[in-house]
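# Tertiary structure, described
Below, each chain spelled out in residue letters.
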Amino acid sequence: MPQATFVCADGTRRELDVAIGTSLMRAATDNGIDGIVGDCGGAMSCATCHVFVEDGFSDRLPAMAPNEDQILDYTAAGRQPNSRLACQIVMSESIAGIVVRVADPQV
Ligand code: FES
């Protein structure tokens with residue numbers, strides 16, 4: 001199973017096995033990753049799954065939908081060029097090994 005690494009606000013790194021087709025938000029909330037809230041369940045309306053995608057992986061992700069682009073303007077931690085919503089990052093072979101830093105704060 002592909003892996004994803006979450007770097008939490010305190011610097012802790014957690015590697016998770018994530019099934020193909022599962023969002024990083026769902027994987028994080030199911031495994032108690034600190035700082036990923038996912039209040040809206042992936043409906044792109046809460047921005048509490050904000051992550052910063054580490055180098056080398058942003059280009060492998062599908063382009064963001066207009067809704068994701070819009071809500072990223074309202075994140076608590078402030079948007080950066082590598083900001084994405086973890087609910088919109090769906091595990092696939094092409095992003096196996098992805099590393100994301102959890103935005104802090106989320107709310
Ligand atoms: S879980 Fe709400 S925007 Fe991602």
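What you see as residue numbers is a count from 1 along each chain, following the sequence as written. Per-residue local features are limited, in this predicted model, to residues with pLDDT of at least 70; the limit for side-chain atom pairs, both in listing and counting, is 80 or more; totals at the level of whole chains, interfaces and linings are taken over all residues. Where side-chain values are given, they derive from all heavy atoms of the structure, hydrogens and water being excluded.

### Considering the pattern of salt bridges
Where we set the bar: Here, a salt bridge means any side-chain nitrogen of Lys or Arg that lies within 4 Å of a carboxyl oxygen of Asp or Glu. Numbering of helices and strands runs from the N terminus, with a helix taken as a DSSP run of H or I at least four residues long and a strand as a DSSP run of E at least two residues long. Here the term buried applies to any residue with accessible area under 20% of the maximum for its type, exposed to any over 50%, and partly exposed to those in between, with areas from a 1.4 Å probe on protein chains only.
Scanning the model with the defined rule gives four salt bridges in all. Across the salt bridge formed by Asp69 and Arg79, the nearest N and O atoms sit 2.5 Å from each other. Placement of the pair is Asp69 in helix α2 (residues 66-71) and Arg79 in the loop between α2 and β4 (83-85), with a sequence separation of ten residues. Residue classification places Asp69 among the partly exposed positions, given a relative accessible area of 34%.

### With respect to the pairing of strand β1 (residues 3-7)
Regular strands place side chains that alternate from one sheet face to the opposite one. Counted only if it meets this: Strands were regarded as paired on the criterion that DSSP finds at least two bridges between them.
Summarising burial for β1: four of the five residues are buried, a large majority. Of the pairings in the sheet, the one linking β1 to strand β2 (residues 13-17) comprises five bridges and is antiparallel in character. Paired with Gln3 across the bridge in β2 is Asp17. Here β1 folds back onto β2 in antiparallel fashion, the turn holding five residues, of which Gly11 has a positive phi close to 95°. Examined bridge by bridge, β1 and strand β5 (residues 98-102) share four bridges and lie parallel to one another. Counterpart to Val7 in the pairing with β5 is Arg101.

### Regarding the side chain of His50
To keep it simple, the criterion reads: Throughout this description, a polar contact denotes any pair of N or O atoms lying within 3.5 Å of each other; where both atoms belong to protein, one of them has to be capable of donating a hydrogen while the other can accept it, and for residues adjacent in sequence the pair is counted only when both atoms sit in side chains. Any pair of residues with heavy atoms lying within 4.5 Å of one another is described as a contacting pair.
For His50, the position within the fold is in strand β3 (residues 50-53). Within the local environment of His50, its side chain forms a polar contact with the side chain of Ser83, the two groups lying 2.8 Å apart. Leave out the neighbours within four places in its chain, and His50 touches Ile36, Leu72, Thr75, Ala77, Gly78, Arg79, Ser83, Arg84, Val102, Ala103 and Gln106.

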